[in-house]
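Secondary and tertiary structure notes
Okay, here's what each chain looks like letter by letter:
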Amino acid sequence: MKLIIAIKNTLQTLLQPWLNAFNQAVELPLRRYDLDWLRVLAFGLLIFYHTGMLYSESWGFHFKSQYLSSNIENAMLLLSPWRMGLIWFISGVALRFIIARFSLSMFLITRSVKILQPLLVGIWFIVPIQLYAQMSQEAGLAMSFWQFYLQFFDLTNPLFNQYQAGIWPHVDVNHLWYLRSLWQFTLLLVLVLPLLHHATARAIIMRLCERSLVIVFIVLLLPLCILKLSWPSDTFRYPMGALFLLYGYLLAWQPAFYSKLLRHWQALLVVFILGYLVVVLGYHMIWQNPAVSQWQITSMDMLYTAQRLLGVLLMLALAQRFLNHDHPKLALLNSAVFPFYLLHQSVIIGLAFYISELQLGGFLEPLLILSLTFIICWLVFIAARRIDLLSPFLGIKVTGKYKAWQIKAGFCCGLILVSPLIFRLV
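Below or above, wherever it landed, is the structure these notes cover. As the structure is a prediction and not an experimental result, all values here were calculated from the model.

1. Considering the side chain of Glu-365
You can see Glu-365 is positioned in helix α17 (residues 364–384). Nearest to the buried, unbridged Glu-365 among oppositely charged side chains is Lys-64, at 11 Å. In contact with Glu-365, not counting residues within four places along its chain, are Tyr-55, Ser-65, Tyr-67, Ile-355, Ser-356 and Leu-360.

Written out as structure tokens, the structure reads:
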């Protein structure tokens with residue numbers, strides 16, 4: 001008995017720096033409705049962006065329409081630099097609020113279940129339609145989706161010899177890479193929490209936020225530029241996402257930072273528009289030109305990286321200026337974000353695969369795909385939120401009232417269910 005007590009006390013001492021960061025007995029800042037709206041809009045824009053990927057002439061995607069155009073890329077360059085950076089930043093802010101309300105053990109269990117359970121459902125039951133459409137277009141797959149899907153569960157099936165990338169062979173995350181990385185980055189964030197919550201670190205962040213917006217921008221931009229210069233381009237989205245997540249966490253409770261953004265939103269908008277025009281010009285004159293020199297490519301990379309950060313700051317500023325208010329439908333829209341994210345790309349590609357045979361043209365086809373994607377995702381969301389047993393698998397908060405032991409039992413079952421996925425991702 002004394003040994004058990006000694007071990008418990010030792011663990012308590014070792015974990016104390018982490019325990020101090022969780023379940024803080026402090027008054028939390030008021031709910032940020034502007035960030036709630038931004039979350040809805042940021043994930044909503046993904047539907048437009050991934051629909052555009054069907055028609056972009058130069059950008060790779062799992063499936064391509066017959067109506068390709070380079071002009072669509074100009075419009076997508078308005079979103080592509082900052083769309084994921086904003087999502088990661090908002091995720092970091094959300095983690096700051098969650099960590100302040102939960103104990104360490106409860107945080108690790110609930111976040112693992114809430115993130116990985118929908119991911120597990122996604123890779124086995126939602127993403128396969130994307131692989132089917134891709135293989136049909138690239139490899140001339142001659143079978144129905146249901147015939148394909150029965151073979152999908154065979155991890156050694158030679159049908160997938162050329163498509164082995166994934167968590168398990170050919171069982172890939174595709175657009176759900178964000179969930180996989182979010183869970184991994186969350187664990188990394190927990191590991192460094194004692195450093196992030198150290199008095200010195202907090203003082204440095206507060207002093208930085210008191211400086212001019214130009215200084216803040218340069219300090220936040222430098223790590224992004226260093227990463228861009230040192231990291232392979234094809235995997236840059238991962239450290240970039242981790243860095244924006246960290247920025248969101250560190251700046252979540254810094255009112256001086258947000259007040260500066262609000263005060264200078266017009267200047268940010270002007271600079272962003274100018275940056276967008278230069279990005280479009282550089283895209284066609286440098287990135288699309290195989291004869292340019294390396295210094296020109298590097299300069300364009302740095303400009304695009306600056307546009308990433310500028311876009312995130314501008315969206316935060318605009319949301320404060322125009323969206324910092326509640327709405328009767330905001331909570332409903334927020335609860336729809338997760339299922340929309342899970343479903344949207346597979347719905348887009350599945351619709352494109354079957355609608356392409358109708359040859360509707362380059363205007364009517366994307367319009368129909370966009371409309372049906374929103375309708376289908378909304379109908380699935382409305383149906384799933386009425387069934388408590390189904391809701392957690394699509395990332396929807398359960399609305400029923402349950403006893404404490406039932407909630408704990410549910411999380412235990414979820415943890416058991418995702419445990420094979422945890423072992424694959426760590």
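We are not done yet, so read on.
2. Observations regarding a positive patch on the surface
Taken together, the side chains of Arg-101, Lys-114, Lys-397 and Lys-401 define a basic patch exposed on the protein surface. For Arg-101, the location among the structural elements is in helix α4 (residues 83–101). Taking relative accessible area as the criterion, Arg-101 reaches 47% and is therefore assigned partly exposed.

3. Observations concerning unusual backbone geometry
Its identity as a non-glycine residue notwithstanding, Asn-174 has a phi of 50°, on the positive side. Looking at the secondary structure, you find Asn-174 in the loop between α7 (145–152) and α8 (177–191). A relative accessible area of 14% means that Asn-174 is categorised as buried. Even without glycine at this site, Gln-359 takes up a positive phi of about 50°. On the secondary structure map, Gln-359 appears in the loop between α16 (330–355) and α17. Residue Gln-359 is classed as exposed on the basis of its relative accessible area, which comes to 58%.

What counts, and where the lines are drawn
Residues numbered from 1 in each chain as written. Predicted model: local features only at pLDDT ≥ 70, side-chain atom pairs only at ≥ 80, totals over all residues. Heavy atoms only, no water. Helix = DSSP H or I, 4+ residues; strand = E, 2+ residues; numbered from the N terminus. Buried < 20%, exposed > 50% of the residue type's maximum accessible area, 1.4 Å probe, protein only. Lys, Arg positive; Asp, Glu negative; His and termini not counted. Salt bridge = Lys/Arg side-chain N within 4 Å of Asp/Glu carboxyl O. Contact = heavy atoms within 4.5 Å. Patch = residues over 30% accessible without salt bridge, like charges linked within 9 Å, V, L, I, M, F, W, Y side chains within 5 Å. Areas by Shrake-Rupley, 256 points an atom, 1.4 Å probe, with all protein chains shown as cover. Charge placed at Lys NZ, Arg CZ, Asp CG, Glu CD.

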